[in-house]
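Residue strings, one per chain:
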Amino acid sequence: MSPKTEIESLREQLHRHAHAYYVLDTPTVPDAEYDKLFQRLELLEREFPLLLSKDSPTQRVGGGLLDAFSQVKHAVPMLSIRTETDTESSGAKNFDARIRKELKLTESDTAVEYVAELKFDGLAMSLRYDDGVLVQAATRGDGETGEDVTHNVRTIYQIPLKLKVPPKREGGSEAVGGDLFTVQPELVEDSSTIEVRGEVYMRRDDFETLNERQRVKIAAGQKGEKTFVNPRNAAAGAVRQLDSKIAADRPLSFFAYSVAQGLPDSVTTHSQTLAQLKAWGFPVSSDARVCQGADELVQFHADMASKRDALPFDIDGVVYKVNSLASQLELGFVSREPRWAVAHKYPAQEQMTTVLAIDVQVGRTGKLTPVAKLEAVFVGGVTVTNATLHNEDEARRKDVRVTDTVIVRRAGDVIPEVVGVVMNKRMQDAQIFSIPTHCPVCGSVAVREEGETDTRCTGGLICGAQRKQAIEHFAHKRAVYIDGLGEKLIEQMVDADIIKSLPDLYRLGLANIVALERMAEKSAQNVLAAIEKSKHTTLPRFLFGLGIRHVGESTAKAFAKHFGNIDAIMNATAEELQQVPDVGPVVATSLRSFFDVPYNREVVEQLRACGLTWEEGEGTPTAPQMLAGKTFVLTGTLPTLERDEAKEMIEAAGGKVTGSVSKKTHYVVAGAEAGSKLDKARELGVVVLDEDALLKMLDSKDFE
Ligand code: IVH
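Because the structure is predicted, anything quoted here is derived from the model rather than measured. Every chain's residues receive numbers from 1 upward, in the order its sequence appears when written. Only residues with pLDDT of 70 or above have their local features reported here, since the model is predicted, and side-chain atom pairs are shown and tallied only from 80 upward, although totals for entire chains, interfaces and linings are computed over all residues. With hydrogens and water set aside, each side-chain value is computed from the structure's full complement of heavy atoms.

Digging into the packing of aromatic side chains
- Here a Phe, Tyr or Trp ring, Trp counted by its six-membered ring, pairs with any other such ring whose centre lies within 6.5 Å, and the pair is stacked when the planes are under 30 degrees apart, edge-to-face when over 60, and tilted otherwise. Evaluation of the coordinates by the stated rule reveals 14 aromatic pairs.
- Plain terms: the ring middles of Phe254 and Phe282 are 6.3 Å apart, the flat faces sit at 55 degrees to each other, and that makes the pair tilted. Taken together, the positions of Phe254 in strand E8 (residues 253–261) and Phe282 in the loop between helix H8 (270–280) and strand E9 (289–292) put the pair 28 residues apart, joining distant regions of the chain. The exposure classification of Phe254 matches that of Phe282, with both residues buried.
- An aromatic cluster is defined as three or more aromatic residues linked by ring pairs; in this entry it consists of Phe120, Tyr201, Phe255 and Phe313. In DSSP terms, a helix is any run of H or I states spanning at least four residues, a strand is any run of E spanning at least two, and both are numbered starting from the N terminus. Buried, partly exposed and exposed residues are distinguished by accessible area as a fraction of the type maximum, computed with a 1.4 Å probe on protein chains only: under 20%, between the cut-offs, and over 50%, respectively.

So, the confidence of the model for the chain
- Confidence of the predictor in every single residue is expressed as pLDDT, which spans 0 to 100. Per-residue confidence for the chain gives a mean pLDDT of 87, with 91% of residues at or over 70.
- Whether two residues touch is decided by their heavy atoms; if any such pair falls within 4.5 Å, the residues are in contact. Across residues 60–66, confidence stays below pLDDT 50; counting only partners more than four residues off in sequence or on other chains, it has 26 contacts.
- pLDDT under 50 marks residues 167–191. Its contacts with residues more than four places away, or in other chains, come to 52 contacts.

Here's the deal with the pattern of salt bridges
- The term salt bridge refers to a pairing of a side-chain nitrogen on Lys or Arg with a carboxyl oxygen on Asp or Glu at a separation within 4 Å. In total, this model carries 51 salt bridges according to the counting rule given.
- For Asp31, the salt bridge is made with Arg232, and the minimal N-O distance between the two is 2.7 Å. Within this pair, whereas Asp31 is found in helix H2 (residues 31–47), its partner Arg232 is found in helix H6 (residues 231–239), the two being separated by 201 residues in sequence.
- Residues Arg518 and Glu517 are paired through a salt bridge, measuring 3.5 Å at the closest nitrogen-oxygen approach. Glu517 shares its class with Arg518; the two are exposed.
- Residues joined by salt bridges that share partners form a network here, namely Glu394, Arg397, Lys398, Glu417 and Glu673.

Here we look at the sheet that holds strand E3 (residues 113–120)
- One bridge is not enough; two strands pair if DSSP finds at least two bridges between them. Spatially, the five strands line up as an open sheet ordered E2-E13-E10-E3-E9, and their pairing is mixed. The sheet terminates laterally at strand E2 (82–84) and E9, the two strands that pair on one side only. Within this sheet the neighbouring strands show an average axis-to-axis angle of 35 degrees, counted without direction.
- Of the pairings in the sheet, the one linking E2 to strand E13 (residues 341–345) comprises three bridges and is parallel in character. By the bridge assignment, Thr83 is partnered in E13 with Ala343.
- Angles shown run from 0 to 180 degrees and are taken between the N-to-C directions of axes, each axis being a line fitted to C-alpha atoms and, for helices, limited to the stretch in contact. Here helix H9 (residues 293–307) sits on the sheet and contacts E3, E9, strand E10 (315–322) and E13; the angle it forms with E9, its principal contact strand, is near 140 degrees.

In structure tokens, the structure reads:
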């Protein structure tokens, strides 16, 4: 491709994406992708200056206008900031070196003073106040002309309709040292125009609530409603609503970060500007810091990187600004960007990739989980190749199809998720995904009971997937416990067809085990010894080990205590089962239908015949009470445990599970699509665990 053709193609793509992003509020690519194209174009234009043209996206800011809003010519253009894409410390160092060079500073000169701020991920807004009263709010538009969105912005509570007039102080203001906000701000001059710039954004918890509400509307069949891909997208949509009632319904927030017009003369630094904004009544982020030289900028970058996930809103980087306004003036601008500021981005938490397949996995209780297999993509610090679609409804809601281009998000330690499909990239023949009618592992019929979200394989222990997991569960430390019989070994045994059922475990001989790949005789003997040892167990462990749905450790214990022996449990009616404390119809029915299947009764008989014995009655406690006194909240979908399983496990170890997060909560266990509870936990500084961490915690002490 010739440079000319490539440049033209890049411009065409960038124009299209910018239009979708700025005008239509429906981004077609993640920011990182846009930045990549933009930088490539900048590079080519630098290399071939003759090919530069006025209509290149590099020569202006953003896109066009929606017809429905009246236009506002900005008194002072709304510019953009140069982006430093280096994700390491060199970004700050390069910037400082450039500033020092421009200001003609030598090595003997002291460090340049900067203000480091967060780069909020929302949309830029210019607010004009005449005589201290909000008269106009405008979007950035193309930087020269924006859209009048006053009626919508007036609904944002964080934006003052009238400026607070701070008390006048003798002697004006002093330059500030480390503390940004100690300066005494100036009184607003009479009949002045003040123009404040800042970012309108949506908090993550507000975003979750909004999307939940949207889902309810969609479910109720309301036309024209949709969910939003991310908080920025939702904020942009709200600001650009033609009906301000709708805008008012969408919770927006605001941070002020600069004054374009009307700054009192006594304000001579950017940190004083922030103090002035605060005094006028604007929200100003408390995460702004005066920094001396590059090293302190690097430190800020690192500090905010570790704080990023705990913030209640999205940021995509930090911004460094020269603090002295006189130096800012001296440094000036280059086309669309000031020389005195730079944005230093963080690795993207969203990336675009392709769906190669949608696999359906089968869990221990037969649950079918659709999983999107993705073209490997580096996002949020890890390479992602899978994203769960949870269940049929969720897969439908997202309408992810094989061959689709999707946006994948991974923030913090939360498992990656598909946040949306890039619709205009969908292939015409892309097939709607539907959950299979038969189990992909054993071919048994898969059913979804009324009122349930999950579809399950009905094959029980006939199903290879369920068999492996059933054996794993049986052999688990908390159940019948066969030391050393882990996932890999079980998989090998099932695949080699030497175990078709639980009792087969007790029929294994040394030869069977040694025949497995990479199995030394000594290890095989150890496994056999562990199997032998497991023959002496307790009734609660045995019952729990059978892996009956809804029968977790503490329920198994309760049954054992109440009935005293396995035959009484197997033969009890659903009503009798419900006599057990805390046992309701769901658990009772589940246990009853399990023992109604002759195969399952046969398994119990055969295990007994193989020499399994247990103390009748309550037996020894199934777990030490190591979580006694600890309160947990579960949120989101955990990768392998179901919600009530996790609850059972915590309770069995003496912990308590409650529904809402408060200061008294000790741990929040978060899975995919964790929402406001997770935000609350972070706000309150409650320790957040993932499933792995929870399991480790439960496993941390041997319980024999
Ligand atoms: S200052 C002349 N400060 O980033 C510089 N911008 O590409 C004016 N942004 O459109 C911008 N956080 O919407 C500035 N702390 C911050 C910011 C910030 C986010 C956005 C802003 C602007 C874009 C710059």
